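Residue strings, one per chain:
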Amino acid sequence: MMTHVVMYFHVHQPHRLRQYSVFDIGNGTEYFDKKLNKEIFLRAARKCYFPSNRLLLDLIEKYEGKFKVSFSITGTWIEQAQEFEPELIQSFQDLVKTGHVDLLDETYYHSLAYLISEEEFKEQVKMHRKLFKELFNYKPKVFRNTEAMYSNDIARTVKDLGYKGIVAEGWHSYLGWRSPNYVYQAKGSKIKLFLRNYKLSDDISFRFSTPYWEEFPLTADKYAAWLAASPGEVINLFMDYETFGEHQWKETGIFDFMRHLPEHVLAYEHLDFVGINELIKMKAVDEIDVPYYSSWADMDRDLSAWLGNEMQKTAFNKLKALESYVKRARDIKLKEAWRRLQTSDHIYYMCTKWWSDGDIHKYFSEHVESPYYAFMNFMNVLQDLEGKLMAKIIPRESEYGEIPTSL
Amino acid sequence: MRVLILGWEFPPYITGGLGVYCYELTKQLSAKGIDVIYVLPKRMKKVRSDFVKVVEVGPGFEFGSYNEKEAMVFKGSIEDYNNLLVKRCLHESFDVIHAQDWMVFDAAVRLKKITGKPLICHAHAIEYMRTPHDPWSYIVEKEKTGYYNADLIIANSYYMKRNLVEKLGVDPRKIVVIYNAVDQERFEQQFRREHGLGNSKIVLYLGRLFVQKGPDYFLNAAKKVVERFRNVKFLIAGTGDMLPQLIKQAIDLGISDKVMFLGFVPEEEKPKYYAISDVYVLPSVSEPFGITVLEAVAAGTPVVISKESGASEVVRSAFKVDFWDVNKMAELILGLLMYPPMAREMSRNGKKEIKHLTWDKIAEETIKAYKMAVYG
């Protein structure tokens, strides 16, 4: 009986906002900080993307198909790569060409679009699909929603879009006594559910370089032994790609760990690596019922990292309220700006859950001084965007004798 | 226990703090299981209460004000009322008499003598404090009658207790001090009414008006805020040698209608001012600590504070700004005015953060420091 190891990496960078003061509203100031985004992107390219891609390509070639990985790559990442470091696109294309890399679809903007409207969600998924078709000539069969946000309803919508599988957190509140190490089926729709083994995933992505962790330092052979000892049919190791070189610096030995992991895993006869598409063929052992939203974030595995406080709810509701304006304004540039603002990171920066003690959120949002600044900045931008949308709507609709309902 | 409270006013008939006090007190007393009979002069407006038995005495009084011209009329009404009061209250049974200020002391003392029940006289104000240069002897005599015959006196502050002892010669051993509660909402309404603030947002500066406190930066920031946000008033509480200069600066900036100079604010009044403000600003050029920041945060007021202050190390849920960066200061004030959800979030988190900064903890830390110094 084989246990399949799935290594799936999520690749993402948001379009960060510039410091947008209340005095900038209505002044035609650019929303996004190209200089900052370029700086962060190039640093991540140097520290993570280039060396990690190189390493994975080497491993795939070395193990002649016995080592496979899977990726999801956001539209906002691809836009920035095309602008700042086009060679990275080539590098991912080379990986995909090996035939040992599976790709997953998601919302183009790494957004909470599902909470805005089903229409907006579907449009963003289709945009992402189109992007992958063009860049990689690839049609993903598995879907990952932003931050592994999941519910029965999301599964049904994703199934309707034609996907065969979807990713979620392997969380005990809906798993109960069951193990994440099997393929399941979503409740209410015939779509396979692939659950992240968060313990084994976080051993790499969070704990790897933590000196006070009892298992420190983590070596490839020790980790492979843990995998080998894990009962079940599949072990889903899902993590941010930036784990390699960005969150865990090169100096921690993360690349050496990864370089040696395949040989130690493959030394066990009952372990192999598969791409995530392989899991679709496997039999679902049970049905999982998630009637509420879950995610892979924080200790709470819910939406509280994005919609946990009053600022976040205010900002998100404002963003959501702009949907009808965006539709009526019919302006491609403004629509794009609105969608870039939907990227979940912007609202994540406003999280105050652990702000008072300093926390994990911090290093994802280093450029923002505080959740309060993040909120104010975002709201100032939304105010400006609203003004611009209105300026488009009013002259056009009054031509036809329509009065904008929101005024 | 049944208390006979001899009062003066009750909602909706209220002319001052006494009515507020009696309303809040009787409400709480009855909630705590004390039977209250609240007696007051009958007036034009009918008084209603569902938590306390209200007895209105008399044909419908109009007391007028006690200036010299109307003194005779006023005195007459008081005497009439006190006579009726005694008669009426003899129909009631009670364990203790609680008389609210001099207007009812005459009747209170007579009731005590007739019934033998203990008398508590409550000192809300005394004539010597109202008109120190020219006290009306009629009122002073009523006060003396009440306080000399009382079994117990409740003074609303130690300051009041001192005055009772020094000015009226009351035995200090029978005086207990019970402060009045602050009814923040009422204070705010009254303050807004008196200062014509309407529903303006309020931005507060509280501190001495010295160069190192940076009040001039506060005004410069105010100017920028006003350009974007009209419905706001800037309060400057405190005095100092910069006052004339600041008044001129406000005029020169064209924002004199947006700035109010409140003068000196006594220590015990400070929390009320924090609480009515939407933003507290500490623009200090240099500030070793800045205890006002913690006071404001404790009152739930979001703060914009100078980076040059010790307090900025302690509170994370605050906006911090270089004192000279007036644009930024204005931007942050504006943010808090424009986005109430952010102000509320900052207020909530700020309060949580400073919970551990109690004087008890500070004393413990200091003792630790002593021990370190003594024992190494």
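Residues numbered from 1 in each chain as written. Chains lettered and ligands numbered in written order. Predicted model: local features only at pLDDT ≥ 70, side-chain atom pairs only at ≥ 80, totals over all residues.

Visitor: What's the story with the overall build of chain A in this structure? I'm lost.
Guide: Along the backbone of chain A there are 16 helices and 10 strands. For a compact globule of 407 residues, the expected C-alpha radius of gyration is about 22 Å, and chain A comes in at 22 Å, within 12% of that figure. Within chain A, the fraction of its 407 residues that count as buried is 46%. For chain A, the share of sequence-separated contacts (at least 6 apart) that also reach a separation of at least 24 residues comes to 77%. (Helix = DSSP H or I, 4+ residues; strand = E, 2+ residues; numbered from the N terminus. Rg over C-alpha atoms; globule rule 2.2 N^0.38 Å. Buried ≥ 20, exposed ≤ 12 C-beta atoms within 10 Å, placed from the backbone. Contact = placed C-beta atoms within 7 Å.)

Visitor: Mind showing me how you'd approach the environment of Val-279 of chain B here?
Guide: Within the element layout of this structure, Val-279 of chain B appears in strand β11 (residues 279-282). Separated by 54 residues in sequence, Val-279 of chain B and Ile-333 of chain B place their C-alpha atoms 6.9 Å apart.

Visitor: What exactly am I supposed to notice about unusual backbone geometry here?
Guide: When glycine is set aside, most residues are seen to have a negative phi, and most peptide bonds are trans. Residues and elements named next belong to chain A. Cis geometry is found at the peptide bond from Phe-216 to Pro-217, where omega equals -5°. As for its placement among the helices and strands, Pro-217 is situated in the loop between α7 (198-205) and α8 (220-229). With a phi angle near 50°, His-110 is a residue other than glycine that sits in the positive phi range. Even without glycine at this site, Arg-330 takes up a positive phi of about 50°. Tracing the backbone through its elements, the reader meets Arg-330 in the loop between α12 (323-329) and α13 (332-341).

Visitor: Explanation requested: the pairing of strand β7 (residues 192-196) of chain A in the structure shown.
Guide: Two faces, one strand: in a regular strand the side chains alternate between the faces of the sheet. Residue and element names in this part refer to chain A. β7 sits mainly inside the fold: 5 of its 5 residues count as buried. Of the two faces of β7, the one holding Lys-192, Phe-194 and Arg-196 and the one holding Leu-193 and Leu-195 are both buried throughout. Pairing geometry for strand β5 (residues 165-169) and β7, over 5 bridges, is parallel. Its bridge partner being in β7, Ile-166 is matched across the sheet by Leu-193. Pairing analysis gives 2 bridges linking strand β6 (residues 184-186) to β7, with the strands arranged antiparallel. (Pairing = 2+ DSSP bridges.)

Visitor: Looking at this model, I keep getting lost on the sheet that holds strand β9 (residues 232-237) of chain B. Mind explaining?
Guide: Backbone hydrogen bonds hold the strands of a sheet together, and the pairing may be parallel or antiparallel. Residues and elements named next belong to chain B. Taking strand neighbours across the sheet as the criterion, the 6 strands line up as β10-β9-β8-β11-β12-β13 in an open arrangement whose pairing is parallel. Two strands lie at the open edges of the sheet, namely β10 (259-263) and β13 (319-321), each paired on one side alone. If you compare each strand with its neighbour and ignore which way they point, the axes differ by 20° on average. As paired elements, strand β8 (residues 201-206) and β9 share 6 bridges and run parallel to each other. Across the sheet, residue Val-203 finds its bridge partner in β9, namely Phe-234. (Axes fitted to C-alpha atoms, helices over the stretch in contact; angles between N-to-C directions.)

Visitor: Help me out: how do you make sense of the sheet that holds strand β7 (residues 175-177) of chain B in this one?
Guide: Residue and element names in this part refer to chain B. Judged by pairing direction, the sheet is parallel, and its 7 strands sit side by side in the order β3-β2-β1-β4-β5-β6-β7 without closing on themselves. Taken across any chain shown, the strands that pair with only one partner, and hence form the sheet edges, are β3 (53-57) and β7. Strand after strand, the sheet turns through a mean of 25° between neighbouring axes, direction not considered. Where strand β1 (residues 2-6) and strand β4 (residues 96-100) come together, 4 bridges link them in parallel fashion. For Leu-4, the partnering residue across the bridge sits in β4 and is Ile-97.

Visitor: Would you mind going over helix α3 (residues 87-97) of chain A with me for this structure?
Guide: Helical geometry: 3.6 residues make up each α-helical turn, so side chains three or four residues apart lie on a common side. Residues and elements named next belong to chain A. Residues of α3 that are buried: Leu-88, Phe-92 and Leu-95. Along the long axis of α3, the arc covered by the buried residues comes to 55°, so they all point the same way. Opposite the buried face of α3, by more than 90 degrees, sit the exposed residues Glu-87, Gln-90 and Lys-97. Where the residues of α3 are buried, they touch α1 (34-62), β2 (69-73), α2 (75-84) and β3 (101-105). Looking one or two residues past α3, Gly-99 carries a phi angle of roughly 80°, positive in sign. (Arc of directions from axis to C-beta.)

Visitor: Explain the domain arrangement of chain A to me, please; I cannot follow it from the model alone.
Guide: The parts lose accessible area when they come together, and the size of an interface is often stated as this lost area. Residues and elements named next belong to chain A. Structurally, chain A comprises domain 1 (3-288) and domain 2 (306-399). Every contact between the two is made by 25 residues of domain 1 and, on the other side, 19 residues of domain 2. Considered class by class, the residues forming the side of domain 1 that touches domain 2 number 12 nonpolar, 9 polar and 4 charged. (Domains from an automatic or database assignment. Nonpolar A, V, L, I, M, F, W, Y, C, P; charged D, E, K, R; others polar.)

Visitor: What exactly am I supposed to notice about the environment of Ile-202 of chain B here?
Guide: Residues and elements named next belong to chain B. Within the secondary structure, Ile-202 is located in strand β8. Put simply, Ile-202 and Tyr-274 are 72 residues apart on the chain and 9.8 Å apart in space, counted from C-alpha to C-alpha. Dropping the residues within four chain positions of it, Ile-202 is found in contact with Leu-197, Lys-233, Leu-235, Ile-276, Ser-277 and Asp-278.

Visitor: Help me out: how do you make sense of the nonpolar core in this one?
Guide: Side chains that are nonpolar tend, in soluble globular proteins, to be buried together. Among the nonpolar cores identified, the biggest contains 164 residues, and Ile-166 and Phe-375 of chain A together with Leu-204, Val-281, Val-304 and Ile-333 of chain B are the most heavily contacted of them. Ranked by residue count, the leading element in this core is helix α16 (residues 371-399) of chain A, at 11 residues. Among residues more than four places away in sequence, those in contact with Ile-166 of chain A are Val-142, Phe-143, Ala-155, Val-158, Ala-186, Ile-191 and Leu-193 of chain A. Core analysis: the next-biggest nonpolar cluster, separate from the first, contains 42 residues, Cys-22, Leu-25, Leu-111 and Met-160 of chain B among them. (Core = buried A, V, L, I, M, F, W, Y, C linked by C-beta atoms within 7 Å.)

Visitor: Which parts of the structure should I look at to understand the pairing of β3 of chain A?
Guide: Residues and elements named next belong to chain A. Judged by how many residues are buried, β3 sits mostly within the fold: 5 of 5 residues are covered. Across the two faces of β3 the burial is the same, with Val-101, Leu-103 and Asp-105 and Asp-102 and Leu-104 all buried. Two elements, β2 and β3, share 4 bridges in a ladder whose sense is parallel. Bridge pairing in β3 links Val-69 to Val-101. The pairing of β3 with strand β4 (residues 142-143) spans 2 bridges and is classified as parallel. Counted as the bridge partner of Asp-105 is Phe-143 from β4.

Visitor: Explain the interface of chain B and chain A here, please?
Guide: Between chain B and chain A, the contact holds 16 residues from the first and 14 residues from the second. For the side of chain B that touches chain A, the element with the most residues is helix α14 (residues 340-353) of chain B, which contributes 8 residues. The class makeup of the residues in the side of chain B that touches chain A is 7 nonpolar, 2 polar and 7 charged.

Visitor: In this structure, what is going on with the confidence of the model for chain B? I would like to understand it.
Guide: Residue-level pLDDT values for chain B average 88, and 96% of them are 70 or greater. Across the assembled chains, the prediction reports ipTM 0.85 with pTM 0.77. (pLDDT = per-residue confidence, 0-100.)

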